[in-house]
Amino acid sequence: MKIFHDISSFREERKQLLPTQKLGLVPTMGALHAGHASLVKQAVAENEVTAVSIFVNPTQFGPNEDLSKYPRSLEQDCALLESLGVDWVFAPAPREIYPEKESEIIFSLRSMDRKLCGRSRPGHFNGVIQVVSILFNIIQPDRAYFGLKDYQQFQIIRQMVNDLHFPVQAVPCPIIREEDGLALSSRNVYLSSQERIQSLFLIHTLKAIKQKLEDFQTVTDVKDFVHHTLAQYPLVKLDYFELLNDKNLAEVDSLTASSSPRAFIAAFVGKTRLIDNLALY
Ligand code: PAF
C-alpha cells in the first residue's frame, strides 16, 4: 500500500493505471470504523485498484463545530486499510488542498442543502461538495463509495456528479450498525456510558415509527410521537425529525408507500450530534 501526502506524486502514480483498470475511491475523514471498512471492502471487491482519501476537511465544519477535536488516527487507519487490501492512501495536509486559504467556492445546491442537516449546519454541504469535487479531480476515480447514514450528503453528491458531468459513479452503501442498532460514526467515541445508552433514542424511535406506521394518520401524528418518546431520554436534545421523499428529499404529505417516505433524525446526545435515517417501506 502506498501513502501519498501530496497531489503531484499521487498524480504520477495515477498515470500508471491502464484504461482497463477501474479505480474505486472511498473518501473519508479518517478515524476509521467498521462502517468505513465495509465501504472499503466493497470498493476492493469491485475495482482493480482502490484508493482511500483521509482528509479532515476544514470547509465543512462550522465556526462552533469540532474541527480541532475531530479524532485523528492516521497510523491506525493505514494499518486497517492495508489489511483490507487498499492500494493507495491519499492523506494531504490542509495546505495541499487549500494552498491560498480555505477558498470559498460557492455551489448552487438547489435548496437540497437548506433542509435537514443544512439547516443547523449552514455551509456544511457547500464544504462537502467543494472537497469531494477537488478529490474527484485529483484522484479521478471510476467509482466513489458513500455510506447512507449521510443520506442527504449522498443525494447532494449524486446531484453534483450529474450536474457537473463527473465521469464517476457515486455508489450508495448501506448503514452499518452496532449490535444494538446505533449507526456507526466516528463521533460515537465522544459518548459517555450514559450517553451511549441514550443514543439509542435515534434508532429506537425510527424503528418504532416503521413498526407502528399503520397507527399514524398524518405526518403530524408521527412528529407528536417523536416528541412524546423524547421525554424518556433526558440527555437527548432533538435537532430535527423529518419525513421526506426518498428520492428528492421533498416533504411528504402522506404516509403511503407511493410517497416513498424516509424518516430522518438528528439529535445532540450530551454535546455529540448524531444522525440516522430509515426507509419506512
Ligand atoms: O462523509 C464524510 O466522511 C465526509 O463528508 C467526506 C465525504 C469524506 C467529505 O469530507
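What you are looking at is a predicted structure, and each value in this text was computed from that prediction instead of being measured.

Caption draft 1: Up close: the overall build of the chain. Each helix and strand counted, the chain has ten helices and nine strands in total. A compact globule built from 281 residues would reach a C-alpha radius of gyration of about 19 Å, and the chain, at 19 Å, matches this within 12%. In terms of overall dimensions, the chain has a C-alpha envelope of 60 × 40 × 35 Å along the principal axes. Sequence separation of at least 24 residues holds for 73% of the intrachain contacts in the chain that already meet a minimum separation of 6. About 13800 Å² of surface is accessible on the chain, with carbon and sulfur atoms providing 51% of the total. Taking the average location of the 30 positive side-chain charges in the chain and that of its 33 negative ones, the two points are 2 Å from each other.

Caption draft 2: Structural view of the sheet that holds strand E5 (residues 143-147). One open sheet holds the six strands; their spatial order is E1-E4-E3-E2-E5-E6, and the pairing between them is parallel. Since the sheet does not close on itself, it has two edges, and those belong to strand E1 (2-4) and strand E6 (169-173), each with one partner. With direction set aside, neighbouring strand axes in the sheet form an average angle of 25°. Across two bridges, strand E2 (residues 23-28) lies against E5 in parallel orientation. The residue of E5 that forms the bridge with leucine 25 is alanine 144. Lying over the sheet, helix H1 (residues 7-15) contacts E1, E2 and strand E4 (88-90), oriented at roughly 155° with respect to E4.

Caption draft 3: Spotlight on the packing of aromatic side chains. All chains considered together, the criterion is met by eleven aromatic pairs. Judged by centre distance (6.5 Å) and plane angle (90°), the rings of phenylalanine 4 and tryptophan 88 are edge-to-face. In this pair, phenylalanine 4 sits in strand E1 while tryptophan 88 sits in strand E4, placing the two residues 84 residues apart along the sequence. Comparing phenylalanine 4 with tryptophan 88 shows no difference in burial state: the two are buried. Grouped by ring-pair contacts, the aromatic residues Phe4, Phe10, Trp88 and Phe90 constitute a single cluster. Lying over the aromatic face of tyrosine 190, lysine 69 brings its terminal NZ or CZ to 4.1 Å of the ring centre.

Caption draft 4: Summary view of the pattern of salt bridges. Within the structure shown, the criterion is met by eleven salt bridges. A salt bridge links glutamate 65 to arginine 121; the shortest N-O distance between them is 2.7 Å. Here glutamate 65, found in the loop between strand E3 (49-54) and helix H3 (74-83), pairs with arginine 121, found in the loop between helix H5 (117-120) and helix H6 (124-139); they are 56 residues apart in sequence, far enough to count as distant. Among the residues examined, glutamate 65 registers a relative accessible area of 27% and is labelled partly exposed. Between aspartate 66 and arginine 187 there is a salt bridge, and its shortest N-O distance comes to 3.1 Å. Of this pair, aspartate 66 sits in the loop between E3 and H3 while arginine 187 sits in the loop between E6 and helix H8 (193-198), and the two are 121 residues apart along the sequence. In terms of burial, aspartate 66 and arginine 187 fall into one category: buried. Each member of the salt-bridge network shares a partner with another, and the members are Arg119, Lys223 and Glu242.

Conventions used here
- Residues numbered from 1 in each chain as written.
- Predicted model: local features only at pLDDT ≥ 70, side-chain atom pairs only at ≥ 80, totals over all residues.
- Heavy atoms only, no water.
- Helix = DSSP H or I, 4+ residues; strand = E, 2+ residues; numbered from the N terminus.
- Rg over C-alpha atoms; globule rule 2.2 N^0.38 Å.
- Contact = heavy atoms within 4.5 Å.
- Areas by Shrake-Rupley, 256 points an atom, 1.4 Å probe, with all protein chains shown as cover.
- Lys, Arg positive; Asp, Glu negative; His and termini not counted.
- Charge placed at Lys NZ, Arg CZ, Asp CG, Glu CD.
- Pairing = 2+ DSSP bridges.
- Axes fitted to C-alpha atoms, helices over the stretch in contact; angles between N-to-C directions.
- Phe/Tyr/Trp six-rings, centres within 6.5 Å; stacked < 30°, edge-to-face > 60°.
- Buried < 20%, exposed > 50% of the residue type's maximum accessible area, 1.4 Å probe, protein only.
- Lys NZ or Arg CZ within 6 Å of the ring centre and 35° of its normal.
- Salt bridge = Lys/Arg side-chain N within 4 Å of Asp/Glu carboxyl O.

Note that all results are geometric; they support no functional claim without further evidence.
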